[in-house]
Structure formats: structure tokens, C-alpha cells
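Listed below, chain by chain, are the residues.
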Amino acid sequence: MAFSHLHSLLALCCLLLFASAHAFRPSGLVLPVSKDASTLQYTTTLSQRTPLVPIKVILDLGGKFLWVDCDKNYVSSTYSPARCHSAQCSLANSQACGSCNSAPRPGCSNNTCGVFPENTVTNIATSGDLGSDVVSVDSTDGSRQGQAISVSKFLFSCAPAFLTKGLASGSAGMAGLGRANIGLPTQFSSTFSFAKQFAICLSGSTRGYNGVAFFGPGPYTLLPNIVVSSSDLFYTPLLINPVSTAGVSTQGERSTEYFIGVKSITIGDTVVALNNRLLNIDSKGFGGTKISTVEPYTVMEDSIFKAFTSTFVKGAAARNISRVKAVAPFEVCFAAKNIPSTPLGAGVPFIELVMKGGSVSWTLTGLNSMVEVSDEVLCLGFVNGGVGTRTAIVIGGFQLEDNIVEFDLARGRVGFSDTLIGRRTTCANFNFTSTA
């Protein structure tokens, strides 16, 4: 174990040495995040290769690393395969060494260590070559977009073209922000020596108004000069699932996804009667609550979902909100005409996700609980995941929108702002139009 830890540290040092030489060292990095209208997936664009090519990828909060389709027109003079048993392979926790019988190209090299890129939308994983290439993203001071800056040896996995099936149109892969050595947050913080933390601020707009992902420390500034600092966030510990939730993993590997300790749910003044055992992660890695940018709406285990929706329906009925026929994928829908409009969205009971310890809760107002499926119908934006789901509650993208959610890996905690609408701004209000 001591040797493995030392090897990983040496590999991280190599990444630092391989960073492009810049007199300017950024205090943070920023990526625009868009919502695809067809799939409801969150996409971002970064530049890769030499010469640089913009590539569209799906933002995968718990994913292990960046993976890209190398079958279609991957041309780069700076691509380098990771040789078997190298420090790069150790950093990626690769235990596979492969060869290729075709002409050498990115994704097809001899004596190259392999990893397992996964499409977490379709839950399909396959083998892929580990390699490195130039990646360029924009810097930021937290308030606006700055100059582009490059990493010359950014580790990622090549993947076959079929793995992109099910992704938003034009997507070449997925960008993993998970708690892995070669996830984007760790590679960026190691390369540029800023705090090992990042934040996402997702916009619900599908009309080209971008949300944002920050890498590095806050505060975060949104127009019109709304500053969100650590004192504005509610923090709860990040939990570690001792068993990997990836499609392919090695024995003893931990999950790279982000779990938090929800201990109860309150709707209005009523505590939902739940099987609390399901809210804890067991020794086999089942149960608990995780945060996801791949699931468009929060998914709940069957018994939790039924108790949750039953309590919500009773709370809505007490406000004379009438229920109507369900609209898939939702099971609980209401007549819009009976629901008053408020500055925080539909006038329905607030939902509180109460964290372990009881002093911190995540409040979901109508903005993050009710989905407008037509002018006449609003639906509760939660989905039944069925019986025996791996994770009891998966907090989906819709519930995260217009909230700043900060993942502080160095301190092992996650912070959330509650809806920014209450502060008269949105996640679409980051200044991408002027440079720092």
C-alpha cells in the first residue's frame, strides 16, 4: 500500500512537470455547461489535440475520467499512449496491458495500459486505451472568463464509436468529474496547484443560456455582481461508498461517485415515513444517497418513492391542489390552474432533505420540484427507480438547477446554496462575454 501511494504521488508530480509552461498560473478554470433539449443531458465543450479541436462531451459528475471517441477523425500530433506499467497506468489504477493488430493510431497501440470507459447513460462499459494529449480550457478569477490555458499531457481514455450511442447529438464522449486520480478535478488541481475542489451551477435553459462548472476555490460571481462564497453555502460531509458503482471495477475499489448522508425527508411540516435502513450505505455498497448529472430527475427506490409521493399528495390536497392523470416518466401530476405562482416557483409544499446530524438541510422549492409538462399540467419531478435499486436516492439534474453545488475534495464535504432565484440571479448569469 505504501509503494502504491508513493507511485501515485510520483505520477501526480509527472503531471505537474508535463503542464504547459505558462508564466500565468490560473487560480481557477471554467467550463460552460449547456442542457440538451432532446436528452436533458448536460454538455460541455473543451478543446483537445494538436491542432486544437473543440469536442462536445457529456458532464458526468461521478465518472472516473474523460473518455473520447477515437475512431472518428481523431488526428493529433501530440497524442501519446500510456505504456504498460508506467506511472500513468498506476495513477489510473490500470491493471490491464493490451496490444492492437491494426495500424497504430490513437486508441490502437501496442504495449498500452487499458481502462474501462463507461457510458453511464446507457450503462455500457468497454475497454479502451489510456493515453494523453493536450487539453485546453479557459481560466477564471471566479467572476468572468479568462484566457485559455493548456495541459500538454492530460490523461484520458480512447473509446470506440459505439460507446457514444445514447449521448446528446454531436457528443464525442463524457467528462468524468468523479473522485478518481485522473478525473478532471484532480488533474486540473494537481497541474495548476489550486485547491482540490470544484463547483457546478446547472441552468435549466435549453435555449443556449449556459450554466457553468468551476475548478478551483470560490467565491463564485454571477451577474449582476452576486457573489456566492463559502459562508453562503450549507455544508455536509461527503461519504465514501466502499464498493465501486462503476460498470467494471477491481476488487476493493471504492466508488468515485459523490454520496451524502440524507437521514430523513420532510414535506411541509410532515416527516416522510421511510425505511431508514435504505438511507445508509451497506457493506456491499447498496443504499445511500448520491448526486448525479446523468439522471435528469431524482430517482428513488420504490418504497421511498411511494412514501414520498403519498406525503406530497396529501400536502398538495390540503392546499386544494387537484391531481390529474400522470404524464410519463412522472407518476404524480397536478392541474396547473390550482397551483399559485410564487417567486420560488409553483406554490407547493417545500421539500427538505435533512442531513445526518439534523442541523443542515437542502431545501427544494417549487422551482426544483415541479416540472411544467404543458400549460395545464405540472408534475412532481421525481421518478420511481423500482425495487432493489443499487442506490436508494439519486439526486438528479433538475433538482440541482440554479443551485451552486460545491465539491470540496480536500475537506471531504459538499456545499449547496439553495436556489439562486432567491438572490435574483441564475446559473445562466456567469460572465462568459468578457475576459478577465
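So, how was this worked out
Residues numbered from 1 in each chain as written. Predicted model: local features only at pLDDT ≥ 70, side-chain atom pairs only at ≥ 80, totals over all residues. Heavy atoms only, no water. Disulfide = S-S within 2.5 Å. Helix = DSSP H or I, 4+ residues; strand = E, 2+ residues; numbered from the N terminus. Buried < 20%, exposed > 50% of the residue type's maximum accessible area, 1.4 Å probe, protein only. pLDDT = per-residue confidence, 0-100. Contact = heavy atoms within 4.5 Å. Phe/Tyr/Trp six-rings, centres within 6.5 Å; stacked < 30°, edge-to-face > 60°. 1 Å grid on protein atoms, 1.4 Å probe; cavity = no way out; pocket = protein on both sides within 12 Å on 5 of 7 lines; lining within 4 Å. Points joined across faces, edges and corners; volume = space filled by probe spheres on them. Pairing = 2+ DSSP bridges. Axes fitted to C-alpha atoms, helices over the stretch in contact; angles between N-to-C directions. Core = buried A, V, L, I, M, F, W, Y, C linked by side-chain atoms within 4.5 Å. Salt bridge = Lys/Arg side-chain N within 4 Å of Asp/Glu carboxyl O.

Further remarks concern the state of the cysteines. By definition, a disulfide links the sulfur atoms of two cysteine residues through a covalent bond. Across all of its chains, the model carries six disulfides by this definition. There is a disulfide in this structure between Cys70 and Cys158, and the S-S distance comes to 2.0 Å. Looking along the S-S bond of the Cys70-Cys158 disulfide, the torsion reads about -75 degrees, which is the left-handed sense. Of the two residues, Cys70 is situated in the loop between strand S4 (67-69) and strand S5 (80-81) and Cys158 in strand S11 (residues 144-159); the sequence distance between them amounts to 88 residues. One exposure class covers both Cys70 and Cys158, and it is buried. The residue that forms a disulfide with Cys333 is Cys379, at a sulfur-sulfur distance of 2.0 Å.

Bringing the confidence of the model for the protein into the picture now. Averaged over all residues, the pLDDT of the protein equals 93, while 94% of them reach at least 70. Within the model, the stretch residues 1-22 combines pLDDT values under 50 with 28 contacts to residues more than four positions away or in other chains.

Now for the packing of aromatic side chains. By convention here, two paired aromatic rings are described through the distance between centres and the angle between planes. Scanning the model with the defined rule gives 19 aromatic pairs in all. Where Tyr297 meets Phe398, the ring centres are 5.7 Å apart and the plane angle is 55 degrees; that geometry is what we call tilted. Taken together, the residues Tyr297 in the loop between strand S21 (289-291) and strand S22 (298-300) and Phe398 in helix H6 (residues 397-400) connect sequence positions 101 residues apart. On the basis of relative accessibility, which here comes to 12%, the residue Tyr297 falls in the buried class. Taking the centre distance of 4.6 Å and the plane angle of 10 degrees together, the rings of Trp362 and Phe416 count as stacked. Here the residue Trp362 occupies a position in strand S28 (residues 361-364), and Phe416 occupies one in strand S34 (residues 413-416), the gap between them amounting to 54 residues. The exposure class of Trp362 is buried, given its relative accessible area of 1%. By way of ring pairs, the aromatic residues Phe154, Phe188, Phe198, Phe215, Tyr258 and Phe407 are connected into one cluster.

Right, let's talk about the layout of surface pockets for a bit. Empty space within the second largest pocket amounts to approximately 700 Å³. Lining the second largest pocket are 39 residues, and of these Thr120, Asn123, Thr245, Glu257 and Lys290 sit closest to its centre. Put simply, the parts of the chain that give the lining of the second largest pocket at least two residues each are strand S12 (173-176), S21 and S22. When residues of the lining of the second largest pocket are assigned to their parent elements, the largest contribution, three residues, is made by S12.

Here we come to unusual backbone geometry. Along the chain, Thr50 connects to Pro51 via a cis peptide bond; the corresponding omega equals 0 degrees. Considering the arrangement of structural elements, one finds Pro51 in the loop between strand S2 (42-48) and strand S3 (53-60). Note that the residue after Leu223, namely Pro224, is joined by a cis bond; omega there is 0 degrees. Relative to the helices and strands, Pro224 resides in the loop between strand S15 (220-222) and strand S16 (226-228). Even without a glycine there, the phi angle at Asn111 is positive, about 55 degrees. Mapping Asn111 onto the fold places it in the loop between strand S6 (96-98) and strand S7 (112-115). Asn111 gets classed as partly exposed once you look at its relative accessible area, which sits at 42%.

What follows is about the sheet that holds strand S19 (residues 262-267). The antiparallel open sheet is built from four strands, whose spatial order is S20-S19-S27-S28. A strand with exactly one partner marks an edge of an open sheet, and here the two such strands are strand S20 (270-271) and S28. Summarising the sheet, S19 and strand S27 (residues 351-355) pair through five bridges and their orientation is antiparallel. Across the sheet, the residue bridging to Ser264 is Val354, located in S27. Those strands touched by helix H4 (residues 302-317) are S19, S20 and S27, and its axis lies near 25 degrees from that of S19.

Before going further, it helps to spend a moment on the sheet that holds strand S24 (residues 333-335). Strand order in the open sheet formed by four strands is S23-S24-S30-S29, and the pairing between neighbours is antiparallel. The open sheet has two edge strands with one neighbour each: strand S23 (323-324) and strand S29 (370-372).

With 77 residues, the main nonpolar core has Leu184, Ile200, Phe215, Ile265, Ile351, Trp362 and Phe407 as its most contacted residues. Take this core: its biggest share by element is six residues, from H4. Contact partners of Ile265, with chain neighbours within four places excluded, come to Thr270, Val271, Val272, Leu274, Met300, Phe308, Ile351, Glu352, Leu353 and Ile393. Among the nonpolar cores identified, the runner-up in size contains 18 residues, and Ala92, Leu130, Leu163 and Leu167 belong to it.

Our focus in this paragraph is the pattern of salt bridges. Counting across every chain of the model gives eight salt bridges. The salt bridge partner of Glu401 is Lys35, with a shortest N-O separation of 2.7 Å. Here Glu401, found in the loop between H6 and strand S33 (404-408), pairs with Lys35, found in strand S1 (residues 29-35); they are 366 residues apart in sequence, far enough to count as distant. In this pair, the class of Glu401 matches that of Lys35, namely buried. Across the pair Asp408 and Arg411 runs a salt bridge, and its minimum N-O distance is 3.9 Å. With relative accessibility at 2%, the residue Asp408 sits in the buried group. Residue class for Arg411 comes out exposed when judged on its relative accessible area of 61%. The network of salt bridges with shared partners includes Asp408, Arg411 and Arg413.

On to the side chain of Gln48, then. Relative to the assigned elements, Gln48 resides in strand S2. For Gln48, a relative accessible area of 0% gives the class buried. Non-local contacts of Gln48, meaning those with residues more than four positions away in its chain, are made with Val53, Ile55, Leu66, Val68, Tyr74, Asp133, Val134, Val135 and Phe156.

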